[in-house]
Amino acid sequence: MSEIENEEVIGRGRAGHRESAARDESAGKQRIHVPPYETIALMLQGGGALGAYQAGVYQGLHEADIHPNWIAGISIGALNTAIIAGNAPEHRVTRLREFWETICQPAFGLPLPAFVERALFDSADQIRQAFTAMQAFGALVEGQKGFFIPRFPTPSPIASSSPQAASYYDTTPLKATLERLCDFDRINSGETRVSVGAVNVATGNFAYFDNTQIRLRAEHFIASGALPPGFAAVEIDGQFYWDGGLMSNTPLYEIAQATPRRDTLAFQVDLWSARGPVPDSIVDVMGRVKDVQFSSRTRLVTDQMQRSQRYRNVLQHVLDLVPESVRQSDEWCRLAEELACSKRYNIIHLIYRQKEYEGHYKDYQFGFSTMHEHWESGLDDMRRTLAHRDWLDMPNGESRFVTHDIHRDER
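Along each chain, residues carry numbers from 1 onward, in the same order as the chain's sequence is written. Given that this is a predicted model, residues contribute local features only at a pLDDT of at least 70 and side-chain atom pairs are listed and counted only at 80 or more, while totals for whole chains, interfaces and linings are drawn from all residues. Side-chain calculation: all heavy atoms of the structure are included, whereas hydrogens and water are not.

Caption draft 1: Examining the nonpolar core more closely. Ranked by internal contacts, the top residues of the largest apolar core, which has 71 residues, are L42, W100, L178, F221 and F267. When residues of this core are assigned to their parent elements, the largest contribution, 7 residues, is made by helix α3 (residues 76-85). In this structure L178 touches L79, A82, I83, F184, A218, F221 and I222, once residues within four positions along its chain are discounted. With 13 residues, the next largest nonpolar core counts W70, A256, A258 and M305 among its residues. To define a nonpolar core, start from buried Ala, Val, Leu, Ile, Met, Phe, Trp, Tyr and Cys residues and group those joined through side-chain atoms within 4.5 Å. Throughout, exposure labels follow a simple rule: accessible area from a 1.4 Å probe, protein chains only, divided by the maximum for the residue type, with under 20% read as buried, over 50% as exposed, and the rest as partly exposed. Strands here mean DSSP runs of E at least two residues long; helices mean DSSP runs of H or I at least four residues long; both are numbered from the N terminus. Whether two residues are in contact is decided by their heavy atoms: any pair within 4.5 Å suffices.

So, in structure tokens, the structure goes:
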């Protein structure tokens, strides 16, 4: 088969997926009423190739006509954040699909024809596992189109070089991809608040790049996903930054601790599940270590937030019983005023559930069929979540804080 013929076959396969997705989106389109939250946040965790799940989740929100006014991401979540915030709402799903269909192709050469890949992916479990492992190996050897390519010659582990070259892969193609698919004027317009997390290499401190404080560029999003030693540190204003997932892979705390506090509906989209089976092989151990390391204990953080908000709410009720004159003159009351809060927080978790065929390489296995399955999984989870219309209600009660998770409720 010639190169042109192969591209035509691939294109027809991709077009078929897009047409199917368009039909699904149209079929599921239904506006959902959301109470008057001051903040509707979308929080996107890091997880490499698993990030297609987040794209599906966003499509589900788009179908329901729910538009976040604050998007925060780390690593691949930061890249999805750039695509979403950098486009008009009516173009976001299309741009997300273009992004993922780009980076799920090999950096050099031609991918398998779509029908061949699908046939291998839909085969018996052993064939599918071998095929997806081969795709992951291809990512390591060749890189991914519009994302990263291997450095040549391969850097020596002990040779000194500049910080921008101290890595096995070069992410220069990613900058061109983001600048092609994202409108950075829109990102910085203030239409949507945007925050992405990274780690300062020199100080070890966690940093959030936020469009309410600085003008965001492609480099800020790339820095958030610069996971060493695969990707090099990114220089921004004389400082070097690595992937935010090294310290905290979940932007939940950034939104919860923001002041002034506001009534908040937050969709927390995680790609790693803290809960899972005890591994019984070295390969499974490697995969489980990633789950534990990068899940960032989302539910533990959520539980701590719930307790803190309960204390703030109780303190607010106690203060309401104190005469105004005392509240203004007593320094302890003035301090209590700063700590008290009766705002309401509704955290909706969507956590990717690993498929049986996936191995420890699931975060760098960028196969097209796998991406499509991840996307559909996120879309299905979001649709099932929004089917519980009462989950969107503003919480009341002692803590004024509530969490929901379809997978937790299924157990």
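And the narrative resumes.
Caption draft 2: Region of interest: the environment of S162. Looking at where S162 falls in the secondary structure, it is placed in the loop between β3 (149-150) and β4 (169-170). Overall, the relative accessible area of 35% leaves S162 in the partly exposed class.

Caption draft 3: Structural detail: the pairing of strand β8 (residues 239-243). Across 3 bridges, the pairing between strand β5 (residues 193-200) and β8 is antiparallel. Residue pairing in the sheet places V199 in a bridge with W242 of β8. Strands were regarded as paired on the criterion that DSSP finds at least two bridges between them. Where strand β7 (residues 234-236) meets β8, 3 bridges bridge the pair, whose relative direction is antiparallel. Looking at the pairing, V234 lines up with Y241 of β8. The hairpin formed by β7 and β8 contains 2 residues between the paired strands, and D237 there has a positive phi angle of roughly 50°.

Caption draft 4: Inspection of the state of the cysteines at higher detail. In what follows, a disulfide is any cysteine sulfur pair within 2.5 Å. Inspection of every chain in the model, using the stated rule, returns 0 disulfides. Its sulfur unpaired, C182 is 16 Å from the next cysteine sulfur, which belongs to C104. Taking the relative accessible area as the measure of exposure, C182 reaches 8% and is therefore buried.

Caption draft 5: Representation of the UniProt feature "active site" (unreviewed entry) in the protein chain in the model. Feature annotation in UniProt assigns "active site" (unreviewed entry) to the following positions: S75 and D243. Separation in sequence by 169 residues is not matched in space for these annotated residues, since their most distant C-alpha atoms are only 6.0 Å apart. Within the secondary structure layout, S75 lies in the loop between β2 (70-74) and α3. Among all residues touching S75, those that are not within four sequence positions of it are G46, S224, G225 and D243. Within the element layout of this structure, D243 appears in strand β8. Owing to a relative accessible area of 2%, D243 belongs among the buried residues under this scheme. UniProt positions are given in the numbering used here, feature names are shortened, and annotations may be inferred rather than shown by experiment.

Caption draft 6: Structural context of the pattern of salt bridges. By salt bridge we mean one thing: a side-chain nitrogen of Lys or Arg within 4 Å of a carboxyl oxygen of Asp or Glu. Per the stated rule, a full pass over the model turns up 21 salt bridges. Between K343 and E38 there is a salt bridge, with its nearest N and O atoms 3.1 Å apart. Of this pair, K343 sits in the loop between α14 (331-339) and β10 (345-351) while E38 sits in the loop between α1 (3-28) and β1 (39-44); the two residues are 305 residues apart in sequence, bridging distant segments of the chain. Using a relative accessible area of 30% as the deciding quantity, one classes E38 as partly exposed. For D291, the salt bridge goes to K362, with nearest N and O atoms at 2.9 Å. On the criterion of sequence distance, the pair formed by D291 in helix α11 (residues 282-294) and K362 in the loop between β10 and α15 (368-386) is long-range, its members being 71 residues apart. We note that D291, like K362, is buried. One network of salt bridges, in which partners are shared, links K175, E179, R217 and E219.

Caption draft 7: Quick peek at the packing of α3 against helix α4 (residues 92-103). Remark: α3 packs on α4, axes separated minimally by 8 Å, with the N-to-C direction vectors making an angle of 140°. Of the possible angle classes, the one that applies to α3 and α4 is oblique. Between α3 and α4 lies a crossing of right-handed hand. Counted together, I76, L79, N80, I83, I84 and A85 of α3 and R92, R95, L96, F99 and W100 of α4 form the full contact between these two elements. Classifying every residue of the contact of α3 with α4 by side-chain character gives 8 nonpolar, 1 polar and 2 charged. Between the N-to-C directions of two axes lies an angle of 0 to 180 degrees, each axis being a line fitted to C-alpha atoms and, for a helix, fitted only over the stretch in contact. The scheme is simple: roughly parallel for angles under 35 degrees, roughly antiparallel for over 145, roughly perpendicular for 65 to 115, oblique for anything else. Each crossing gets its handedness from the near helix: less than a right angle anticlockwise from the far helix is left-handed, clockwise is right-handed. For this classification, the nonpolar set comprises Ala, Val, Leu, Ile, Met, Phe, Trp, Tyr, Cys and Pro, the charged set comprises Asp, Glu, Lys and Arg, and every other residue, Gly included, is treated as polar.

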